[in-house]
Amino acid sequence: MTTTNATDRFTELPDDQTIADTVVALEEHGFSVEVVARIPEGSSVMTNPSVTLQETGIRGAIDDGGPYDSARNKLNELDFATQLQEMKKIGGQPDFSLGSVHAITREGALFIASASGSQLASYAWGATNVILVVGAQKLVSTAEAARERIFEYSLPLEDARAYAAYGQNSFVGKILEIHQEFPDRIHVVLIRQVVGF
């Protein structure tokens, strides 16, 4: 008697179409469904500067011990003046890059502002996987509204936070707009409450 096939039948992950069909069926029966993937233990994970990650406890779960290789902790051990290129490699090419956005348009475009741009390279290309945790208050109607939200709402709050934390003002140096991505690389976790800014 062979049990290998029976065991595989219950342990193998289904294909994307099976997952999609199941989500539709559950939603048709009144269930709310989120499909998520756990970050494998030992993965290099970069927690980018984000009030959202701080408020949700995600940053602490990654950087304060646990089963992950914290890229943020590695960066904190390096000297900015003499090891900047090494810092860029670590922060720009992790297995997982975690952060948030400043706005999502109704058409599905993501808008992320940054003073230095340090997190943008991993979001745009460098990271194998990107997970963006977003409070639902960041949904806006248009690209113009996204930019207004960045400059009129997010920047003043970030400026106050940066001044309190570092003694220096913040500014918008770069804005990344993501309008399209290859499947299964960027994952947006939309939280139905006000979190971050």
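As shown above, the structure is provided for reference.
These notes cover the structure that comes with them. (Residues numbered from 1 in each chain as written. Predicted model: local features only at pLDDT ≥ 70, side-chain atom pairs only at ≥ 80, totals over all residues. Heavy atoms only, no water.)

### A short note on the overall build of the protein
Then, number 1: The helix and strand inventory of the protein stands at eight helices and nine strands.
Then, number 2: For the protein, the spread of C-alpha atoms along the principal axes amounts to about 70 × 40 × 25 Å.
Then, number 3: Here the protein holds 197 residues, and the buried ones make up 35% of them.
Then, number 4: Partitioning the contacts of the protein with sequence separation of at least 6, the portion at a separation of at least 24 is 75%.
Then, number 5: Entry remark: accessible area of the protein is about 12,400 Å², with carbon and sulfur atoms responsible for 54%. (Helix = DSSP H or I, 4+ residues; strand = E, 2+ residues; numbered from the N terminus. Buried < 20%, exposed > 50% of the residue type's maximum accessible area, 1.4 Å probe, protein only. Contact = heavy atoms within 4.5 Å. Areas by Shrake-Rupley, 256 points an atom, 1.4 Å probe, with all protein chains shown as cover.)

### Looking at the sheet that holds strand S2 (residues 69-70)
Then, number 1: What the five strands build is an open sheet, ordered S2-S1-S3-S6-S9; its pairing is parallel. Pairing within the sheet leaves two strands with one partner each, and these edge strands are S2 and strand S9 (186-191).
Then, number 2: The sheet contact formed by strand S6 (residues 129-135) and S9 spans six bridges and is parallel. Each bridged residue has a counterpart across the sheet, and for Val130 the counterpart in S9 is Ile186. (Pairing = 2+ DSSP bridges.)

### Considerations on the nonpolar core
In summary, soluble globular proteins display a tendency toward joint burial of nonpolar side chains.
Then, number 1: Membership of the largest hydrophobic core comes to 13 residues, with the highest contact counts inside it found for Val101, Leu110, Ile112, Tyr123 and Leu132.
Then, number 2: Elements represented by at least two residues in this core include exactly strand S5 (110-114), helix H7 (120-126), S6 and strand S8 (174-178).
Then, number 3: Among the elements that make up this core, the one with the highest residue count is S6 (three residues).
Then, number 4: The contacts of Val101, once residues within four sequence positions are left out, are Leu110, Phe111, Ile112, Leu132, Val134 and Lys138. (Core = buried A, V, L, I, M, F, W, Y, C linked by side-chain atoms within 4.5 Å.)

### Describing a negative patch on the surface
Then, number 1: Taken together, the side chains of Asp15, Asp16, Asp21 and Asp184 define an acidic patch exposed on the protein surface.
Then, number 2: When you line up the elements, Asp15 lands in the loop between helix H1 (4-11) and helix H2 (16-28). (Patch = residues over 30% accessible without salt bridge, like charges linked within 9 Å, V, L, I, M, F, W, Y side chains within 5 Å. Salt bridge = Lys/Arg side-chain N within 4 Å of Asp/Glu carboxyl O. Lys, Arg positive; Asp, Glu negative; His and termini not counted. Charge placed at Lys NZ, Arg CZ, Asp CG, Glu CD.)

### Here's the deal with the side chain of Thr52
Then, number 1: Topologically, Thr52 is positioned in helix H3 (residues 51-56).
Then, number 2: Looking at Thr52, the relative accessible area reads 1%, which means it is buried.
Then, number 3: A polar contact is formed between the side chain of Thr52 and the side chain of Lys138, at a distance of 3.2 Å.
Then, number 4: Discounting chain neighbours no more than four positions away, the residues touching Thr52 are Ser100, Val133, Lys138, Val195, Gly196 and Phe197. (Polar contact = N/O pair within 3.5 Å; in protein donor to acceptor, adjacent residues only side chain to side chain.)

### Here's the deal with the pattern of salt bridges
Any two side chains of opposite charge can pair, on the condition that their charged atoms come close.
Then, number 1: Within this structure, the stated rule accounts for five salt bridges.
Then, number 2: The shortest N-O distance in the salt bridge between Glu158 and Arg161 comes to 2.7 Å. Of the two residues, Glu158 and Arg161 both sit in helix H8 (residues 143-166), three residues apart, roughly one turn of that helix.
Then, number 3: A relative accessible area of 21% places Glu158 in the partly exposed class.
Then, number 4: Here Arg185 and Glu181 are joined by a salt bridge, their closest N and O atoms 2.7 Å apart.
Then, number 5: Among the residues examined, Glu181 registers a relative accessible area of 24% and is labelled partly exposed.

### Comments concerning the sheet that holds S8
Then, number 1: As summarised here, the arrangement of the four strands in space is S7-S4-S5-S8, forming an open sheet in which the pairing is mixed. Pairing within the sheet leaves two strands with one partner each, and these edge strands are strand S7 (139-140) and S8.
Then, number 2: As defined by bridge partners, strand S4 (residues 103-105) adjoins S5 across two bridges and the pair is classed as antiparallel. By the bridge assignment for S5, Ile104 is matched with Leu110.
Then, number 3: Of the strands in this sheet, S4, S5, S7 and S8 are in contact with H8, which crosses S5 at around 30°. (Axes fitted to C-alpha atoms, helices over the stretch in contact; angles between N-to-C directions.)

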